[in-house]
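Inside the fold
Below, each chain spelled out in residue letters.
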Amino acid sequence: MSGTTAVPLPRPQGRARAAPQERRRRVVPLAAAPAARAGDEPLLRGIFEIGKRSCDVVLSARRLRWSPILPESPTGDSSVALQAQEEIIEMKDVFSVKLKRRRFAGQKKGGTLLGITIFKCLNKEENKLTDCAIHLNNLSEDHCQSWFRHLKEILNGFQNRPKSLKVFVNPSSHKREATHIYYEKVAPLFKLADIKTDVTVTEYEGHALSVLKECELQAFDGVVCVGGDGSVSEVAHGLLLRAQMDAGKDTDYVSKPVRAPIPLGVIPAGTTNILAHTLYGIKHAVTATLHIVMGHIQAVDVCTFSTPSKLLRFGFSAMFGFGARTLALAEKHRWMPSSQRKDFAFIKTLADLKPEECELSFLPLQILQEDSHDDGKKKERMKKGSKDQWQKIQGHFLNVSIMGIPCLCSMAPRGLAPNTRLNNGSMALIVVQNTSRAEFIKHLKRYTSVKNQFNFPFVETYTVREVKVQPKLKSGPDAKENVCLNAEGNYPWNIDGDLMKEASEVHVRVHPQLIDLYGVNTDDLESSQVTCNCI
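Numbering of residues starts from 1 in each chain and follows the order in which that chain's sequence is written. Residues qualify for local features only when their pLDDT is at least 70, as the model is predicted, and side-chain atom pairs are given and counted only at 80 or more; totals for whole chains, interfaces and linings, by contrast, use all residues. To obtain the side-chain values, all non-hydrogen atoms of the structure were used and water was disregarded.

- As recorded in an unreviewed UniProt entry, the protein chain goes by CERKL protein and comes from Rhabdornis inornatus.

Put into structure tokens, the structure is as follows:
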């Protein structure tokens, strides 16, 4: 006879499977905590078969724990009972629970109930997440239904976990893998977690932006982009632009933007995948998906890129000079395969290495470190200067980088801007002055190693909150050197891997924690490794 009973109980209720020897078995008491914490009070207790062993299982709001039911020793030796090991699953690591049934081929509903399957998010190694299943077998319909309802109620209590998502898939990203990645790796996990999705496969540049301006965002808990850095940047820009529109702000010039209404999830399907690496520490579609499913949310700083009279873009990072010229050349050769196109553009731009003359104005920030009260780690605090503390540098620069986030990638494991953070309200201004090609190559090679890429006399770094970049156009006999100018007389900019050719003089501001992204702070990843023995 099977059933489920509320705890406390003198004995666990419900039988996993009848067996003659069970009359000589006894329940091994679960280890008692010195004092029960909030959420540790038992909700249910019962018997399930787990890994071919009958187990005494206890459910609380915080965790699921079980111990095997061992046969009694004929001699009454209690040491046998002590050999039983209690196993624990934290409910915050569980993302789905399903009733397990046996069905015939072609049968879609009903079937013989076998028990309950619990799906858990597991942190394996090198920041990689995966899912594992734990099977709780019991043939009683009433017993399993009661446990299933309680488990679902606990899972529904996690507020940040999305129930409905708007998904954008860029089929042209990198090796045109995005569609395959989504439908083979991402969509099954969304379905398993009972997340409803509305999918748009983009057909042209700006398609996602157009949809975001018109769609009913309040119907979704988050937005997901499957693509490369350019696709993600477009969706982030669209989300923030929509937020300004809904707030009644003038979108031509936004000095104090409002936050994005819902989080953004990033599924890496591009070449460099800087934002995904920065959020997850790895390029791995399943890891990215599980961060979304689990509702791991990280507030992230966003930059605005503007002319003196117009907002150009919301974004996370930008390059002017070598980084922008390389991208502009690659875009002119779209007919080439992706990897060949980028290699060609890099080598060609390096061979034609030329500095840009410009004036840089910036408002510096001073980083102050103080001990936090909870974990003893150093916490950074920014000290702003007054508005009359603008600093200026003028000269010939090979490259100017403005980074609001660390910008990790496989080619720069420490990050393009390792001294900045995801959400400390600062930008890294990295200025590479004119130097020989050989010295510039040495600087570039340092990004792939653990050595300091800024330890060169021609490289200067600043921590800033605003930057103005004003190129100096050559005139007269030197006008032919303005090789980077487009037909409108503007220099190219590389913003999050997207080519922007709408302006030369650009004003960049950082806006603290303007958007929530699904992911974690990579500074904390190394200390969060956990293990699990899934049955």
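Focus: the pairing of strand β11 (residues 164-169)
- Here β11 lies mainly inside the structure; six of its six residues are buried.
- Partly exposed residues are those whose accessible area sits between 20% and 50% of the maximum for their type, while under 20% is buried and over 50% is exposed, using a 1.4 Å probe and protein chains only. Helix numbering and strand numbering both begin at the N terminus, where a helix is a DSSP run of H or I of at least 4 residues and a strand a DSSP run of E of at least 2. Here β11 shows a buried face lined by Ser164, Lys166 and Phe168 and a second buried face lined by Leu165, Val167 and Val169.
- Orient the strands so they point away from the viewer, and a crossover whose first-strand-to-second-strand path over the helix runs clockwise is right-handed. Crossover handedness for the path β11 to helix α3 (residues 178-192) to strand β12 (residues 196-201): right-handed.
- Any two strands with at least two DSSP bridges between them are considered paired. Examined bridge by bridge, β11 and strand β13 (residues 222-227) share five bridges and lie parallel to one another. Residue phenylalanine 168 lies in a different strand from β13, and its bridge partner there is cysteine 225.

Quick word on unusual backbone geometry
- The backbone of aspartate 194 shows a phi angle near 60 degrees, a positive value even though the residue is not glycine.
- Mapped onto the elements, aspartate 194 comes out in the loop between α3 and β12.
- Using a relative accessible area of 37% as the deciding quantity, one classes aspartate 194 as partly exposed.
- Even without glycine at this site, aspartate 496 takes up a positive phi of about 55 degrees.
- Among the residues examined, aspartate 496 registers a relative accessible area of 10% and is labelled buried.

Some remarks on the packing of helix α4 (residues 207-214) against helix α5 (residues 229-246)
- Here, axes are lines fitted to C-alpha atoms. For helices the fit covers the stretch in contact, and angles between N-to-C directions go from 0 to 180 degrees. Relative orientation of the contacting elements α4 and α5 amounts to 25 degrees, with a least axis distance of 9 Å. Put simply, α4 runs roughly parallel to α5. Between α4 and α5 lies a crossing of right-handed hand. Contacts from His207, Ala208, Leu209, Leu212, Lys213 and Glu214 in α4 reach Glu234, Val235, His237, Gly238, Leu239, Leu241, Arg242 and Met245 in α5.
- Within the contact of α4 with α5, the residues separate by chemical class into seven nonpolar, three polar and four charged. Orientation is classified from the angle alone, with under 35 degrees giving roughly parallel, over 145 giving roughly antiparallel, 65 to 115 giving roughly perpendicular, and any other angle giving oblique. A crossing counts as left-handed when the near helix is turned anticlockwise from the far one by less than a right angle, and as right-handed when that turn is clockwise. The criterion used for residue contact is that any of the two residues' heavy atoms lie within 4.5 Å. Three classes are used, and their members are as follows: Ala, Val, Leu, Ile, Met, Phe, Trp, Tyr, Cys and Pro are nonpolar, Asp, Glu, Lys and Arg are charged, and the others, Gly among them, are polar.

Details of the environment of isoleucine 195
- Relative to the helices and strands, isoleucine 195 resides in the loop between α3 and β12.
- Isoleucine 195 sits 26 residues away from aspartate 221 along the chain, and the two C-alpha atoms are 9.9 Å apart.

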